[in-house]
Amino acid sequence: MKLKPIFILYLLFLTRTLFAQTSDSTFLVGTNLFPIVSTQFGGFYEKPLTGYITFHAGLGYVFNGPGSWIKLGTDKELDKSSGAYISIGLNGHLNNKRISPLIGLRIVNSLSYEEGMIRSDAFDTLETTGHFTSTGYSLGIGGIIGITFKISKRLFFDFGIQKSYLLINGLCDFHSYAPGMGINWDPFRGQFIGQIKYKF
């Protein structure tokens, strides 16, 4: 699949950027636990800018993302929806207590690959007329609202919801999972956030 070489380039670029930091820098690394159960994997890096704001950079790969639970309204029957994403943004932690509110801003670049069958019409779930494949680029901007739990001096857990709006929509089927942005919550994209992160 053509997405894999592009994703590798993303990975090399982000790795070079992350490790350009000085050896005495304070930073956090982690992953979102919720998408892992849906055959997805991703990681992120956070660099404190002030006592309350951190810079966020993340990337991930979706092996076969979950689609919307509503299947009607499209003439596509998805067999596979995969892809990769890279995101940048800011997190705001309103205080340094053991439990604190979390707000975040994200810009997400997403590459998606969709494969499946074309149905005879948008509401016919039985008869198919052909096969389709599609590769597309999507750009989204979104926000996160949630809670940060301080488990220990170095271990943290974020729980919340991310909602994104597609500025550029490269998805062939609106039911497809948008890597890094989630499923269709018309007119937005949404996913739950359950981030475990470690402070170095």
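The structure reproduced in this document is the subject of the present report. (Residues numbered from 1 in each chain as written. Predicted model: local features only at pLDDT ≥ 70, side-chain atom pairs only at ≥ 80, totals over all residues. Heavy atoms only, no water.)

Y85, V108, L166, L171, A178 and M181 form the largest nonpolar core, which has 6 residues in total. Dropping the residues within four chain positions of it, L171 is found in contact with S112, E114, S138, L166, S176, Y177, A178 and R189. (Core = buried A, V, L, I, M, F, W, Y, C linked by side-chain atoms within 4.5 Å. Buried < 20%, exposed > 50% of the residue type's maximum accessible area, 1.4 Å probe, protein only. Contact = heavy atoms within 4.5 Å.)

What follows is about the side chain of T148. Within the secondary structure layout, T148 lies in strand 6 (residues 128–150). Polar side-chain contacts of T148 include one of 2.8 Å to the side chain of D158. Among all residues touching T148, those that are not within four sequence positions of it are H93, R98, I99, S100, L102, F156, F157 and D158. (Helix = DSSP H or I, 4+ residues; strand = E, 2+ residues; numbered from the N terminus. Polar contact = N/O pair within 3.5 Å; in protein donor to acceptor, adjacent residues only side chain to side chain.)

All right, on to empty space enclosed by the protein then. All chains considered together, the criterion is met by 1 cavity of 30 Å³ or more. Quantified by volume, the largest cavity comes out at close to 270 Å³. N32, Y85, Q162, Q191 and Q195 are, among the 23 residues lining the largest cavity, the residues nearest its centre. A total of 5 residues in the lining of the largest cavity trace back to one element, the largest contributor, which is strand 2 (residues 40–48). Partitioning the lining of the largest cavity into residue classes produces 10 nonpolar, 12 polar and 1 charged. (1 Å grid on protein atoms, 1.4 Å probe; cavity = no way out; pocket = protein on both sides within 12 Å on 5 of 7 lines; lining within 4 Å. Points joined across faces, edges and corners; volume = space filled by probe spheres on them. Nonpolar A, V, L, I, M, F, W, Y, C, P; charged D, E, K, R; others polar.)

Below, the discussion takes up unusual backbone geometry. Along the chain, D186 connects to P187 via a cis peptide bond; the corresponding omega equals 10°. Looking at the element boundaries, P187 is found in the loop between strand 8 (183–185) and strand 9 (188–199).

Together, R98, K150, K153, R154 and K199 make up a positively charged patch on the protein surface. Considering the arrangement of structural elements, one finds K199 in strand 9. K199 sits in the partly exposed class, given a relative accessible area of 31%. (Patch = residues over 30% accessible without salt bridge, like charges linked within 9 Å, V, L, I, M, F, W, Y side chains within 5 Å. Areas by Shrake-Rupley, 256 points an atom, 1.4 Å probe, with all protein chains shown as cover. Salt bridge = Lys/Arg side-chain N within 4 Å of Asp/Glu carboxyl O. Lys, Arg positive; Asp, Glu negative; His and termini not counted. Charge placed at Lys NZ, Arg CZ, Asp CG, Glu CD.)

Once that is clear, we can look at the packing of aromatic side chains. Throughout the structure, instances matching the rule amount to 4 aromatic pairs. Ring centres of Y61 and F63 lie 5.1 Å apart, and the angle between their planes is 70°; this geometry places the pair in the edge-to-face category. We classify F63 as partly exposed; its relative accessible area is 47%. When the centroid spacing of 6.2 Å and the interplanar angle of 70° are considered together, the rings of Y165 and F188 count as edge-to-face. (Phe/Tyr/Trp six-rings, centres within 6.5 Å; stacked < 30°, edge-to-face > 60°.)

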